[in-house]
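Secondary and tertiary structure notes
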Amino acid sequence: RTSRCGHTSTESSRSMILRSPAAGLPGTTPSTRFPSVLGGCALSSTGTPKVGTTYKLDLAAVQDGGKSYAAALCVTGYGTAIKVDRRFIPLLPDIFFYLTVGNSIPSVFQNFHGVLNTSGTAQASLVIPGAPVLVGIKAFTEFVTYPGGPKGIHTISNPFSFTLVP
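Residues numbered from 1 in each chain as written. Predicted model: local features only at pLDDT ≥ 70, side-chain atom pairs only at ≥ 80, totals over all residues. Heavy atoms only, no water.

**Let's talk about the layout of surface pockets**
- Of the voids in this model, the second largest pocket is the one considered here, and its volume is about 250 Å³.
- Along the wall of the second largest pocket there are 16 residues; nearest its centre are Phe-96, Leu-126, Pro-129, Leu-134 and Leu-164.
- When residues of the lining of the second largest pocket are traced back to their parent elements, those giving at least two are helix H1 (95-101) and strand E9 (121-127).
- When grouped by side-chain class, the residues that make up the lining of the second largest pocket number 16 nonpolar, no polar and no charged. (1 Å grid on protein atoms, 1.4 Å probe; cavity = no way out; pocket = protein on both sides within 12 Å on 5 of 7 lines; lining within 4 Å. Points joined across faces, edges and corners; volume = space filled by probe spheres on them. Helix = DSSP H or I, 4+ residues; strand = E, 2+ residues; numbered from the N terminus. Nonpolar A, V, L, I, M, F, W, Y, C, P; charged D, E, K, R; others polar.)

And the structure:
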């Protein structure tokens, strides 16, 4: 069968759940609503998303070294609004989604667009303003690599969410 990364898998039909290195850190949770991707595609963080700091997101698609990537973020949650061939990008588009996909505020959404290194990794950063009103906001992220695939998207990463903390 073919995974969301576009690679053949001999895995059983049961869903695998991503266990992010950030699981258990304040404000971070791996997604349990969507199966993880196979073939080495991962979005994670080992940091804590504190208001007034820069939060690093680790992108890895080891089979896609040298390919372009685009990360997206939304605060409206997960859904099936964006279909790419037989796959979905499970983010519900909102203003933050369009700001990140359009690379509109690169000083806040740093390296949300770029090229993976030859090992297939990159690091994006979210510069979180120091406004206490942001505490408790949950963000949902994902990234894709391109070119490739029938709709131009080669790899779709796992969804990853985090909640801003004081």
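From this point on, the discussion continues.
**Some thoughts on the nonpolar core**
- Of all hydrophobic cores here, the largest spans 21 residues; its most connected members are Leu-57, Leu-59, Leu-73, Phe-112, Phe-143 and Phe-162.
- The leading source of residues in this core is strand E3 (residues 54-61), at four residues. (Core = buried A, V, L, I, M, F, W, Y, C linked by side-chain atoms within 4.5 Å. Buried < 20%, exposed > 50% of the residue type's maximum accessible area, 1.4 Å probe, protein only.)

**Regarding the pattern of salt bridges**
- Scanning the entire structure with this criterion turns up one salt bridge.
- The partner of Asp-85 in a salt bridge is Arg-87, with the nearest N and O atoms 3.0 Å apart.
- For Arg-87, a relative accessible area of 11% gives the class buried. (Salt bridge = Lys/Arg side-chain N within 4 Å of Asp/Glu carboxyl O.)

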